[in-house]
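Results of the structural survey
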Amino acid sequence: MARLLIVDDDSRVRRFVRDVLVGAGHEVAAVGDAESAVARLLSFQPDVFVLDIHLPGMDGLSLARKLRKLHVPVVVISVRTDPHHKVKAHESGAITYLEKPFRKEDLLDAVRFALGVKSRHEK
């Protein structure tokens, strides 16, 4: 079981992602903006972030750059299919990039991959 923090301004997406990850046995917190995610960091201490690029206030890429210092893997989710966004996400520290809508299996695979990266980094 891992702790995952979902950051997406769309409540339907947050609910879907939370339900999939809780169903897989993870502990999950979900917020709608980057500022709320930053506020939850210390108290929740997530193992992986699942975040949308397009957020109100601070965008997801700016948040991903801040999270890179904490060595917490980031899975980026976005409705954008533009390759430029994928490159920017990876440059910002994202481990992987999922295009919305995505299948729950793809989400679980991305989270497993991120947890594997975290595990290798901690060794």
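Structure shown above.
Report follows, based on the coordinates. Here the structure is a predicted model, which is why all the values come from computation and not from measurement.

Our next topic: the packing of aromatic side chains. Applying the stated criterion across every chain, the model contains 1 aromatic pair. Seen in terms of ring centroids, Phe 16 and Phe 102 are 6.0 Å apart; in terms of plane orientation they differ by 55°. Their pairing is tilted. Here Phe 16 is found in helix H1 (residues 11-23), whereas its partner Phe 102 is found in the loop between strand S5 (94-99) and helix H5 (104-122), with 86 residues between them in sequence.

Attention now moves to the nonpolar core. Counting residues in each nonpolar core, the largest one holds 23 residues, and the members touching the most others are Leu 5, Val 7, Phe 49, Leu 51, Leu 63 and Val 76. Elements represented by at least two residues in this core include exactly strand S1 (3-7), strand S2 (27-31), helix H2 (34-44), strand S3 (48-52), helix H3 (60-68), strand S4 (74-78) and S5. Apart from the residues lying within four places of it in its own chain, the contact partners of Val 7 are Val 31, Asp 33, Ala 34, Ala 37, Phe 49, Val 50, Leu 51, Asp 52, Leu 55 and Leu 63. One finds Val 17, Leu 21, Val 75 and Phe 102 within the second-largest nonpolar core, a separate group that totals 19 residues.

Along H2, the residues that are buried comprise Ala 34, Ala 37, Leu 41 and Phe 44. Looking straight down H2, one finds its buried side chains confined to an arc of 110°; they lie on one side. Turned more than 90 degrees away from the buried face of H2 sit Ala 39, Leu 42 and Ser 43, all of them exposed. Buried residues along H2 sit in contact with S1, S2, S3 and H3. Two or three places before Glu 35, at the opening of H2, Asp 33 has a side-chain oxygen 3.2 Å from that residue's backbone nitrogen. A positive backbone phi angle near 50° is found at Gln 45, which sits one or two residues after H2.

Before going further, it helps to examine the sheet that holds S5. The parallel open sheet is built from 5 strands, whose spatial order is S2-S1-S3-S4-S5. Since the sheet does not close on itself, it has two edges, and those belong to S2 and S5, each with one partner. Neighbour-to-neighbour, the strand axes of this sheet turn through a mean angle of 20°, independent of strand direction.

Taking burial as the measure, the 5 residues of S4 include 5 buried ones, the bulk of the element. Across the two faces of S4 the burial is the same, with Val 74, Val 76 and Ser 78 and Val 75 and Ile 77 all buried. With 4 bridges connecting them, S3 and S4 associate as parallel partners. What sits directly across from Asp 52, in S4, is Ile 77. Each parallel crossover has a hand, and the one from S3 via H3 to S4 is right-handed. Summarising the sheet, S4 and S5 pair through 5 bridges and their orientation is parallel. Each bridged residue has a counterpart across the sheet, and for Ile 77 the counterpart in S5 is Leu 98. Following the chain from S4 across helix H4 (residues 83-91) to the adjacent parallel S5, one finds a crossover that is right-handed.

Rules of the game
Residues numbered from 1 in each chain as written. Predicted model: local features only at pLDDT ≥ 70, side-chain atom pairs only at ≥ 80, totals over all residues. Heavy atoms only, no water. Phe/Tyr/Trp six-rings, centres within 6.5 Å; stacked < 30°, edge-to-face > 60°. Helix = DSSP H or I, 4+ residues; strand = E, 2+ residues; numbered from the N terminus. Core = buried A, V, L, I, M, F, W, Y, C linked by side-chain atoms within 4.5 Å. Buried < 20%, exposed > 50% of the residue type's maximum accessible area, 1.4 Å probe, protein only. Contact = heavy atoms within 4.5 Å. Arc of directions from axis to C-beta. Polar contact = N/O pair within 3.5 Å; in protein donor to acceptor, adjacent residues only side chain to side chain. Pairing = 2+ DSSP bridges. Axes fitted to C-alpha atoms, helices over the stretch in contact; angles between N-to-C directions. Right-handed = clockwise from strand over helix to strand, strands pointing away.

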